[in-house]
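Observations on chain architecture
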Amino acid sequence: GDLFFDFKFMTFNNGPMSFNFEIAPKVAFPSLSQHFFLRLGFSDLAILKSRDENVLARNTELAQNQNALYGNVVSPLVGIQFSNVKIGNTALTIDANYLLSGLITGDYQAMSLRANASVPFAELEKVKLVFNLGARDTLLLLKGGGVENHISAILGFGVENVIR
């Protein structure tokens, strides 16, 4: 399964802070492919509200003027993933998910997309050190005609087990 959490510590145009949390167990189909998975899980995209009344009023007004969502988008998700597809030494993971809460509320349709490359830079006796580079986007198509794009860069270091 996958567990993803990001926090936007830098915003553009003085917009509100936000975070995104996702947990999605995977179901494998070995007869189809060792790289193909079905993902079923939960996603939460939250726009953090300020305690400062002036900031809160400005952000709420900005969201209303732009026909934007403000608060939480909590949803079950269903998606597909191609995981650990090797291109040389690099392992590529791509997933696409549909957030089902838009079907219930009717205010928006939402999906998330992620592409991540793991590039090994050192291999020790029992572990491999990798550099992760990628991008993740949650796209909301609003009923009133607007579009929200919550994109994140993925930069990190990881450790993988090496079985010899």
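Look above for the structure.
This report concerns the structure included in the present document. (Residues numbered from 1 in each chain as written. Predicted model: local features only at pLDDT ≥ 70, side-chain atom pairs only at ≥ 80, totals over all residues. Heavy atoms only, no water.)

Per the secondary structure count, the chain includes two helices and nine strands. Shown N-terminal to C-terminal, the secondary structure of the chain runs as helices and strands in the order β-β-β-β-α-β-β-α-β-β-β. When burial is assessed residue by residue, the chain has 35% of its 164 residues classed as buried. Of all intrachain contacts in the chain linking residues separated by at least 6 positions in sequence, the fraction that spans at least 24 positions is 51%. Surface summary for the chain: the accessible area is close to 10,200 Å², and the carbon and sulfur share equals 62%. (Helix = DSSP H or I, 4+ residues; strand = E, 2+ residues; numbered from the N terminus. Buried < 20%, exposed > 50% of the residue type's maximum accessible area, 1.4 Å probe, protein only. Contact = heavy atoms within 4.5 Å. Areas by Shrake-Rupley, 256 points an atom, 1.4 Å probe, with all protein chains shown as cover.)

A word on the nonpolar core. Nonpolar side chains tend to gather and get buried jointly when the protein is soluble and globular. Of all hydrophobic cores here, the largest spans nine residues; its members are Ala24, Leu45, Val73, Leu77, Leu99, Tyr108, Ala110, Leu140 and Leu142. Mapped onto this core, the elements with two or more residues apiece are strand 5 (72–87), strand 7 (108–123) and strand 8 (127–142). (Core = buried A, V, L, I, M, F, W, Y, C linked by side-chain atoms within 4.5 Å.)

With that settled, the discussion passes to empty space enclosed by the protein. Scanning all chains against the criterion turns up one cavity of 30 Å³ or more. The computed volume of the largest cavity comes to approximately 40 Å³. Contributing to the lining of the largest cavity are Asn84, Lys86, Asn89, Ala91, Ser118, Pro120, Lys128, Val130 and Glu160. Going through the elements one at a time, strand 5, strand 7 and strand 8 are the ones with two or more residues in the lining of the largest cavity. A breakdown of the residues in the lining of the largest cavity according to their chemical character gives three nonpolar, three polar and three charged. (1 Å grid on protein atoms, 1.4 Å probe; cavity = no way out; pocket = protein on both sides within 12 Å on 5 of 7 lines; lining within 4 Å. Points joined across faces, edges and corners; volume = space filled by probe spheres on them. Nonpolar A, V, L, I, M, F, W, Y, C, P; charged D, E, K, R; others polar.)

A side chain of one charge can pair with a side chain of the opposite charge when the charged atoms of the two come close. Taken as a whole, this structure holds four salt bridges when the rule is applied. Glu22 serves as the salt-bridge partner of Arg136, at 2.4 Å between the closest nitrogen and oxygen. Here Arg136 is found in strand 8, whereas its partner Glu22 is found in strand 2 (residues 18–24), with 114 residues between them in sequence. Here Arg136 and Glu22 have matching classes, each one buried. Measuring nitrogen to oxygen at the nearest pair gives 3.8 Å for the salt bridge that ties Arg39 to Asp95. With a gap of 56 residues between them, Arg39 in strand 4 (residues 33–47) and Asp95 in strand 6 (residues 90–99) connect regions that are remote in the sequence. You'll find Arg39 and Asp95 in the same group, each marked buried. Each of the salt bridges in this network shares a partner with another, and the network as a whole consists of Glu22, Arg39, Asp95, Arg114 and Arg136. (Salt bridge = Lys/Arg side-chain N within 4 Å of Asp/Glu carboxyl O.)

A word on the pairing of strand 6. In strand 6, alternate side chains face the same way, and those of Ala91, Thr93, Asp95, Asn97 and Leu99 are buried while those of Thr90, Leu92, Ile94, Ala96 and Tyr98 on the opposite face are not. Sheet topology note: the strand 5/strand 6 ladder contains nine bridges and is antiparallel. Each residue of the ladder has a partner; that of Phe82, found in strand 6, is Ile94. Taken together, strand 5 and the strand that follows it, strand 6, pair antiparallel across an intervening segment of two residues, in which Gly88 is found at a positive phi of about 70 degrees. (Pairing = 2+ DSSP bridges.)

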